[in-house]
Amino acid sequence: MLALLGLASTVARRQIGLVHLAGAGLLEGLLVVQAVVAGVAMAGGDTPTDTPTFLGYLVGALLIPVAGVLWARTERTRWAGTVLAVAAAAIGVMIWRLLQIWEATGA
């Protein structure tokens, strides 16, 4: 959703607004919930074989929306929407990779 919103604002040649920031905040909140659920599962004994890679992706996924918002806020042109769109797309790829790592080990 955030990726489409960012691309729409770029195509419309508009700067990002409160809706973009709210979308990024919602995405970050969902990622925090995912990290807590993964942490609880790992504390319960379900750990992936490649735990360092999994944790790296998990922490990286938490940092990307924050970095995207900070970069987009400093970019005062219409390209700020593209920055948020790329950040959101990167999160999609990282979540897909996290799922692959988790399922590959049978955790």
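Check the entry above for the structure.
Structure report, in brief. (Residues numbered from 1 in each chain as written. Predicted model: local features only at pLDDT ≥ 70, side-chain atom pairs only at ≥ 80, totals over all residues. Heavy atoms only, no water.)

**Some details on the overall build of the protein**
Counting its regular elements, the protein contains 4 helices and 0 strands. Reading the protein from its N end, one meets helices and strands in the order α-α-α-α. Counting only C-alpha atoms and orienting by the principal axes, one finds that the protein spans roughly 50 × 20 × 20 Å. The buried share of the protein, reckoned over its 107 residues, is 30%. Considering only contacts within the protein whose residues lie at least 6 apart along the sequence, 75% involve residues at least 24 apart. Split by element, the accessible area of the protein, about 6,400 Å² in all, is 71% carbon and sulfur. Where the 6 positive side-chain charges of the protein centre and where its 5 negative ones centre are 24 Å apart. (Helix = DSSP H or I, 4+ residues; strand = E, 2+ residues; numbered from the N terminus. Buried < 20%, exposed > 50% of the residue type's maximum accessible area, 1.4 Å probe, protein only. Contact = heavy atoms within 4.5 Å. Areas by Shrake-Rupley, 256 points an atom, 1.4 Å probe, with all protein chains shown as cover. Lys, Arg positive; Asp, Glu negative; His and termini not counted. Charge placed at Lys NZ, Arg CZ, Asp CG, Glu CD.)

**As for the nonpolar core**
Counting 8 residues, the largest nonpolar core consists of Ala35, Ala38, Met42, Phe54, Leu58, Leu98, Ile101 and Trp102. Listing elements by their share of this core, those giving two or more residues are helix H2 (18-43), helix H3 (51-74) and helix H4 (80-104). Each residue touching Met42, except ones within four places of it in the same chain, is listed here: Thr47, Pro48, Thr51, Phe54, Leu55 and Trp102. One finds Ile16, Ala72, Ala80 and Val83 within the second-largest nonpolar core, a separate group that totals 5 residues. (Core = buried A, V, L, I, M, F, W, Y, C linked by side-chain atoms within 4.5 Å.)

**Side note on the packing of H3 against H4**
Where H3 meets H4, the closest approach of the two axes is 9 Å, and the angle between their N-to-C directions is 170°. It follows from the interaxial angle that H3 and H4 lie roughly antiparallel. Across the interface between the two elements, Thr53, Phe54, Tyr57, Leu58, Gly60, Ala61, Ile64, Pro65, Gly68, Val69, Trp71 and Ala72 of H3 pack against Ala80, Val83, Leu84, Ala87, Ala90, Ile91, Met94, Arg97, Leu98, Ile101 and Trp102 of H4. Considered class by class, the residues forming the contact of H3 with H4 number 19 nonpolar, 3 polar and 1 charged. (Axes fitted to C-alpha atoms, helices over the stretch in contact; angles between N-to-C directions. Parallel < 35°, antiparallel > 145°, perpendicular 65-115°, else oblique. Nonpolar A, V, L, I, M, F, W, Y, C, P; charged D, E, K, R; others polar.)

**What to know about H2**
Given 3.6 residues per helical turn, the α-helix brings residues three or four places apart onto the same face. Counted at 1.5 Å a residue, the expected span for H2 with its 26 residues is 38 Å, and the 37 Å between its end C-alpha atoms agrees. Those residues of H2 that fall on the buried side of the exposure criterion are His20, Ala24, Glu28, Leu31, Ala35, Ala38 and Met42. (Expected span 1.5 Å × (residues − 1).)

**Notes on unusual backbone geometry**
The backbone phi angle of Arg13 is positive, close to 60°, even though this residue is not glycine. Examined against the element boundaries, Arg13 turns out to sit in the loop between helix H1 (2-11) and H2. Overall, the relative accessible area of 62% leaves Arg13 in the exposed class.

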